[in-house]
Amino acid sequence: MLRHNTWRAVLVGATMTALSVFGTGAASAAGAQTASIACHTDGYVCITTNDLYEPTVLIPEGEDYTFLRATEVTSISNDTTGTYCVEAEYNFTVSAGESVEAAHTVTRLEASPDGHCLS
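Visitor: What exactly am I supposed to notice about the pairing of strand E7 (residues 104-112) here?
Guide: For a regular strand, the rule is simple: side chains alternate between the two faces of the sheet. Relative to E7, strand E3 (residues 65-78) runs antiparallel, the two being bridged by five bridges. Counted as the bridge partner of tyrosine 65 is leucine 109 from E7. Pairing geometry for strand E4 (residues 83-88) and E7, over six bridges, is antiparallel. Within E7, the position partnered with cysteine 85 by the bridge is glutamate 110.

This is the structure we're talking about:
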């Protein structure tokens with residue numbers, strides 16, 4: 001009987017440990033949800049993605065950026081003085097000071113000194 005109670009204690013302890021680990025994971029996942037809000041860094045275009053390896057991309061003003069593969073972008077914040085062309089499932093522009101909070105599958109951002117993009 002003693003062995004049965006010992007195993008029960010071990011199983012209860014293991015269950016409590018597993019619950020605490022999964023609880024921490026849930027809290028981290030909730031924290032990741034808030035990370036999808038656009039970041040703001042003066043002089044940069046800040047992109048938030050759903051990519052585990054590249055969750056945030058900072059592009060210096062006037063530079064272009066090409067993703068290695070089409071990437072789901074959740075927000076783009078243009079804190080530069082120029083317009084950027086976004087190549088996505090449909091192309092669009094992000095003007096100076098503008099933020100876009102919507103999911104898009106993006107392949108490239110290109111600085112547009114004249115503010116015009118090819119569609």
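Now that the structure is up, let's keep going.
Visitor: Hey, could you run me through the packing of aromatic side chains in this one?
Guide: Aromatic ring pairs: the centre-centre distance and the angle between the two ring planes describe each pair. Following the criterion strictly, the structure yields two aromatic pairs and no others. Seen from their ring centres, tyrosine 65 and phenylalanine 67 are 5.0 Å apart, and the 80 degrees between their planes marks the pair as edge-to-face. A relative accessible area of 5% means that phenylalanine 67 is categorised as buried. Summarising the aromatic geometry, the rings of tyrosine 90 and phenylalanine 92 are spaced 6.1 Å apart at their centres and angled 50 degrees between planes, so their arrangement reads as tilted.

Visitor: Just checking my understanding: could you explain the pattern of salt bridges for this structure?
Guide: For side chains of opposite charge, pairing can occur when their charged atoms come near one another. In total, this model carries three salt bridges according to the counting rule given. Among the ionic pairs, arginine 69 bridges to aspartate 51, the shortest N-O distance being 3.2 Å. One end of the pair, arginine 69, is in strand E3; the other, aspartate 51, is in the loop between strand E1 (44-49) and strand E2 (56-60), with 18 residues separating them in the sequence. Of the residues examined, arginine 69 reaches a relative accessible area of 48% and is grouped as partly exposed. On the basis of relative accessible area, aspartate 51 is assigned to the buried category, the value being 11%. Among the salt bridges present, the one from glutamate 110 reaches arginine 108, with a minimum N-O distance of 3.6 Å. With relative accessibility at 31%, the residue glutamate 110 sits in the partly exposed group.

Visitor: Sorry, what's going on with the pairing of E1 here?
Guide: Of all six residues making up E1, five are buried, and the element is well covered by its neighbours. Sheet analysis places E1 next to E2, joined by five bridges and oriented antiparallel. By the bridge assignment for E2, tyrosine 44 is matched with proline 60. A loop of six residues connects E1 with E2, the two strands running antiparallel in sequence.

Visitor: How should I be thinking about the nonpolar core in this particular structure?
Guide: Where a protein is soluble and globular, its nonpolar side chains tend to be buried together. Membership of the largest hydrophobic core comes to 16 residues, with the highest contact counts inside it found for Ile47, Ile76, Val86 and Leu109. When residues of this core are traced back to their parent elements, those giving at least two are E1, E2, E3, E4, strand E5 (92-94) and E7. Those residues in contact with leucine 109, other than ones at most four positions away along the chain, are Val45, Ile47, Ile59, Asp64, Tyr65, Ile76, Tyr84, Cys85 and Val86.

Visitor: Would you explain the state of the cysteines in this entry?
Guide: A covalent bond between the sulfur atoms of two cysteines is referred to as a disulfide. Inspection of every chain in the model, using the stated rule, returns two disulfides. Covalent S-S linkage joins cysteine 39 and cysteine 46, the inter-sulfur distance amounting to 1.3 Å. On the basis of relative accessible area, cysteine 46 is assigned to the buried category, the value being 0%. The disulfide bridge from cysteine 85 ends at cysteine 117, spanning 1.7 Å between sulfur atoms.

Thresholds, definitions, all that
Residues numbered from 1 in each chain as written. Predicted model: local features only at pLDDT ≥ 70, side-chain atom pairs only at ≥ 80, totals over all residues. Heavy atoms only, no water. Pairing = 2+ DSSP bridges. Helix = DSSP H or I, 4+ residues; strand = E, 2+ residues; numbered from the N terminus. Phe/Tyr/Trp six-rings, centres within 6.5 Å; stacked < 30°, edge-to-face > 60°. Buried < 20%, exposed > 50% of the residue type's maximum accessible area, 1.4 Å probe, protein only. Salt bridge = Lys/Arg side-chain N within 4 Å of Asp/Glu carboxyl O. Core = buried A, V, L, I, M, F, W, Y, C linked by side-chain atoms within 4.5 Å. Contact = heavy atoms within 4.5 Å. Disulfide = S-S within 2.5 Å.

Geometry only, nothing functional implied.
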